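Inside the fold
Chain residues, written in single-letter form:
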Amino acid sequence: MKEKEVAPDRLQAPWPGEMVPESSDRIEAAEGMIGQERAMRAIEFGLKIGDYGYNIFVAGPSGTGKMTSVEAAVRKIAERLPTPSDWCYVYNFSRPDHPRALQMAPGQASNFQADMERLIAELKIEIPRAFESKVYEEHKNALVKEFQKTREEIFNGVEETARQSGFQIKQTPGGVVFVPLVEGRPLSEEEMEKLTDQARQEIRQRQEVLYEVLTEALRRVREKEKILRQKLEALDRETGQAVTSPRLSELKEKYATYPEITRWLAEVEEDIVRNLEDFQEKKEPEIMPGLRLGIKDGTLQKYQVNVFVDHSRTRGAPVVKEVNPTAYNLTGRIEYRPQLGAMFTDHTMMKPGALHLANGGFLILRVMDVLRNYFAWDVLKRAIQNRQVVIEDINEQFRLINTPTIKPEPIPLQSKVILIGNLWLYYLLYNYDEDFRKLFKVRADFSVFMERDRQGIANYAAFISKLCREEGLKHLDRAAMCEVIQHGSRLVEDQTKLTTRFSDIADLVREACYWANQAGEPQVGVAHVKKALEEKIYRSNLMEKRLEELIADGTLLVDIEGAVVGQVNGLSVMTVGDYTFGKPNRVTARVGLGRGHMIHIEREVKLAGTIHNKGFLILSGYLRQKYGLLLPLSFSASICFEQVYEEIEGDSASTTELYALLSALSGLPLKQSIAVTGSVNQHGQVQPVGAINEKIEGFFSTCQVKGGVNGQGVIIPRANVKNLMLKEEVIEAVRKGKFHIWAINNVDEGLQILTGVPAGEQAPDGSYPEGTVHHLVVKRLEFFNQQSKIQARSKRTKKLSS
């Protein structure tokens, strides 16, 4: 079967050679995404369309540069977009627990905050100075003197009326009393008792009249006091307005283009005039002599401006990448301060979230980080759905006693959200969250591979050049870059593709640079790249080497010589972290009389996965198609993976199982120097499998530890030839004829290689040529069928005789 062997030059992709420049320092560094044209097109569409719901989900495996590429693409578009508005929060004078949000042009919020700080600072100086001025004191004293004069006139009139009525006014602890006079002298109590009843009654009547006069006088005094207070308040208001109005008028004129701000400034002016005493110097209250509370006076904080979003230094639209997307980090938080054993807050203690900072621009999030944080996914969806960001105290619903808080006015949201995650997360959200498909209508899929053509190779070289320049690494020569490109094809197991997991490629370049530094070389050569690959394997292949030791000392039974009936070497792979390696497994089959029932021992004891079980059940269909048309399948069989104690999965061993079974049925021995991999369908066609390079190299290593490579080989599906990216030592062994790789399309081709006997073509009558594998199988099945009939007749005879 020489024609089935794969030539050495097909065991690896062609060496890039002249398609790669002499050195990476002669290449222009790569820009933008490499090998992700489909994803780039989707991202560009999602970023530019402005309709509702066209947020982006970037899906793909890790290591493909999703975050780096997306961020670069977003920033490129964002720098051409207009800078969004600033936002600030101010005190709401009509509803103090609902701070107002004010929108301003970029850079204006910080200016407005500074203007208000200067205003309050000036007023704290000028208002007390105005009330300490000589003009103010003269006006105030004049009003007070006028009141005092009027009050004195009123009380003098009361005294004159009392004197004319024969009474004297006397102040007592109980109030004002009228004492009767006799010859200008006040009567004593004893003298009052000596008067007649009629005289005493007349005195009381005159006193009552005087008390009425006094009451009227006091009423008039209170009216005058009220008028005085009104005049003093008007004086204070005029004085305060004289100080505040010119300054606030300047601010109103400066911010005349913002109606909301001018209205708020009018409210500020009105509130300042009503609370001028707040600008007077106050002493901190004492809880005991010499010990003050130290509480910061917050009466003037209501005039402060909280600059919530400041774009004074932003150029273009903002791009925010939130690495810890908690609910508070997304929608902002309200902070509190302790005061007298309680917690208080105000509009100056509100902090923005990522949605605020990205408003008018782009927000980039890792979807797994969002889903890991409580309530983060809910608040993100709510903000996108309602097109506004609401700052909430999420813990409020869990408190036994609510803390006084504020409910700020929501800020309208006009931001594009980009989620980055794996494809399975996209499908999970799409199928189980009914809102997801409405909010994230654009999906950008990152591929794990790109075309290995001239442009693809050039892009790889440009990426290497960019990495060396950005990280200060030594540049690679042509051979080193070619080796990196070859490794890129091996990672995707395809001679026509290159991996887009550039994180792995970058790691290889960094490690090669390390070994070049260790060797003191000025440039990274192919030997350093190979050294990096070898050392990476050495750091991870402890388990592989331990298994090879067990094979070498006979603990694990694997034959690489001779021929055995019903026994063949299968190939499996094991993955330990980031390292995958192949190893051979002995597969055996035994047959006997039965009714066409086959037992897979691993399946019976629950050590086989569902895909492996499917591959095994396909064997029954193959046997029925191949032999069941001629005679009943009167046999039973058992198939086993010897010395396998962990679960097996996948259908890549289905050809192996079939070869062992056909060998047991035909009685033909199988060559133990050949290992087999490949899945099979019911028509006997051999189908491709994964990890083909690791499987071949695993058997090659086994041959090395079992006495050396000398004529052994591996049978693989022909469809896997394009996936071959084998190590140089394997290719060299094939080139010298010490190792063989056969590529087949169907089971019959594999049978001839393993047995040295033709499989046999089926004739129109269903028979097979004499001496072929299938002919021998049919003969054995006929024997089993005859034995079954003999046993059946014997059972019937015994039953009748009994």
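Scroll up to find the structure.
Now for a quick tour of the structure. (Residues numbered from 1 in each chain as written. Predicted model: local features only at pLDDT ≥ 70, side-chain atom pairs only at ≥ 80, totals over all residues. Heavy atoms only, no water.)

**Side note on the pairing of strand β3 (residues 100-104)**
Burial of β3 is extensive: four of the five residues sit out of reach of the surface. Here five bridges tie strand β2 (residues 86-90) to β3, and the two strands are oriented antiparallel to one another. Residue pairing across strands places Tyr89 opposite Ala101, the latter belonging to β3. (Buried < 20%, exposed > 50% of the residue type's maximum accessible area, 1.4 Å probe, protein only. Helix = DSSP H or I, 4+ residues; strand = E, 2+ residues; numbered from the N terminus. Pairing = 2+ DSSP bridges.)

**Let's talk about the environment of Asp765**
Within the secondary structure, Asp765 is located in the loop between α24 (747-755) and α25 (773-801). For the pair formed by Asp765 and Leu630, sequence separation is 135 residues and the distance between their alpha carbons is 9.0 Å.

**Notes on the sheet that holds β2**
Reading across from one edge, β3-β2-β9 is the order of the three strands in this open sheet, with antiparallel pairing throughout. What marks the edges here is a single partner per strand, and that holds for β3 and β9 (306-309). With strand direction ignored, the average angle separating the axes of adjacent strands in the sheet is 35°. One ladder, built from three bridges, connects β2 with β9; its direction is antiparallel. Bridging from a neighbouring strand, Trp87 pairs with Val309 of β9. Contacts from helix α3 (residues 108-131) reach β2, β3 and β9 within the one sheet, and its direction differs from that of β2 by about 30°. (Axes fitted to C-alpha atoms, helices over the stretch in contact; angles between N-to-C directions. Contact = heavy atoms within 4.5 Å.)

**Considering the nonpolar core**
In this structure, Phe112, Met116, Trp264 and Tyr303 are the most contacted members of the largest nonpolar core, which totals 48 residues. No other element matches helix α6 (residues 197-254), which puts eleven residues into this core. Judged by nonpolar contacts, the second largest core, of 47 residues, contains Ala589, Tyr627, Ala759 and Val777. (Core = buried A, V, L, I, M, F, W, Y, C linked by side-chain atoms within 4.5 Å.)

**Section: the pairing of β2**
Of all five residues that make up β2, five are buried, and the element is covered over most of its length. Because side chains alternate across β2, one face comprises the buried residues Asp86, Cys88 and Val90, and the other comprises Trp87 and Tyr89, equally buried.

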